[in-house]
Amino acid sequence: MAMELRHLDTLLAIAEQGSFTDAADALSTVQSNVSEQVRQLEEELGADLLVRGRRGATPTECGEVVLER
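Since the model is a prediction, treat every value here as computed from it, not as a measurement.

Viewed as axis vectors pointing N to C, helix 1 (residues 5-17) and helix 4 (residues 61-68) meet at an angle of 115°, and their least axial separation amounts to 10 Å. Viewed along their axes, helix 1 and helix 4 form a crossing whose handedness is left-handed. Along its contact with helix 1, which presents Leu8, Leu11, Leu12 and Ala15, the element helix 4 presents Gly63, Val66 and Leu67. Split into classes, the residues belonging to the contact of helix 1 with helix 4 amount to six nonpolar, one polar and no charged.

Next up, the structure:
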């Protein structure tokens, strides 16, 4: 599987919105699609890109590097 722009758009939306649910709303999709796209991107890169918690999600160090590019 190749990295797609939509995967990066999803990661950016999560970073900007602070949660998978809010990112899904911003992208006019459902939370399960957002989760799947992040899973695919993390699998492709072989690294965790987000720290998931009760209060939402924040980028890991690796996630920050990806977002900066």
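There is more to say after this.
Within the largest apolar cluster, 13 residues are counted, with the highest numbers of intra-cluster contacts made by Leu11, Ile14, Phe20, Val34, Val38, Leu49 and Leu50. When contributions to this core are tallied by element, the ones reaching two or more residues are helix 1, helix 2 (20-26) and helix 3 (31-45). Phenylalanine 20 has contacts with Ile14, Gln31, Val34, Ser35, Val38, Leu50, Arg52 and Ala57, leaving out every residue within four places of it along the chain.

In this section: the packing of helix 1 against helix 3. In the contact formed by helix 1 and helix 3, the axes pass within 9 Å of each other and the chain directions differ by 115°. Considered as vectors, helix 1 and helix 3 are oriented roughly perpendicular to each other. The two elements helix 1 and helix 3 meet at a crossing, and its hand is left-handed. Contacts between helix 1 and helix 3 pair Arg6, His7, Leu8, Thr10, Leu11 and Ile14 from the former with Val34, Gln37, Val38, Gln40 and Leu41 from the latter. Looking at the contact of helix 1 with helix 3, its residues break down into six nonpolar, four polar and one charged.

Taking 1.5 Å as the rise per residue, helix 1 with 13 residues should run 18 Å; its terminal C-alpha atoms sit 18 Å apart, in good agreement. Of all the positions in helix 1, only His7, Thr10, Leu11, Ala13 and Ile14 are classed as buried. Buried residues of helix 1, viewed axially, fall in a sector of 160°; they line one side. Facing away from the buried side of helix 1 by over 90 degrees, the exposed positions are Leu5 and Glu16. Against helix 2, helix 3, strand 1 (50-53), strand 2 (56-59) and helix 4 lie the buried residues of helix 1.

Conventions adopted
Residues numbered from 1 in each chain as written. Predicted model: local features only at pLDDT ≥ 70, side-chain atom pairs only at ≥ 80, totals over all residues. Heavy atoms only, no water. Axes fitted to C-alpha atoms, helices over the stretch in contact; angles between N-to-C directions. Helix = DSSP H or I, 4+ residues; strand = E, 2+ residues; numbered from the N terminus. Left-handed = near helix turned anticlockwise from the far one by under 90°. Contact = heavy atoms within 4.5 Å. Nonpolar A, V, L, I, M, F, W, Y, C, P; charged D, E, K, R; others polar. Core = buried A, V, L, I, M, F, W, Y, C linked by side-chain atoms within 4.5 Å. Buried < 20%, exposed > 50% of the residue type's maximum accessible area, 1.4 Å probe, protein only. Parallel < 35°, antiparallel > 145°, perpendicular 65-115°, else oblique. Expected span 1.5 Å × (residues − 1). Arc of directions from axis to C-beta.

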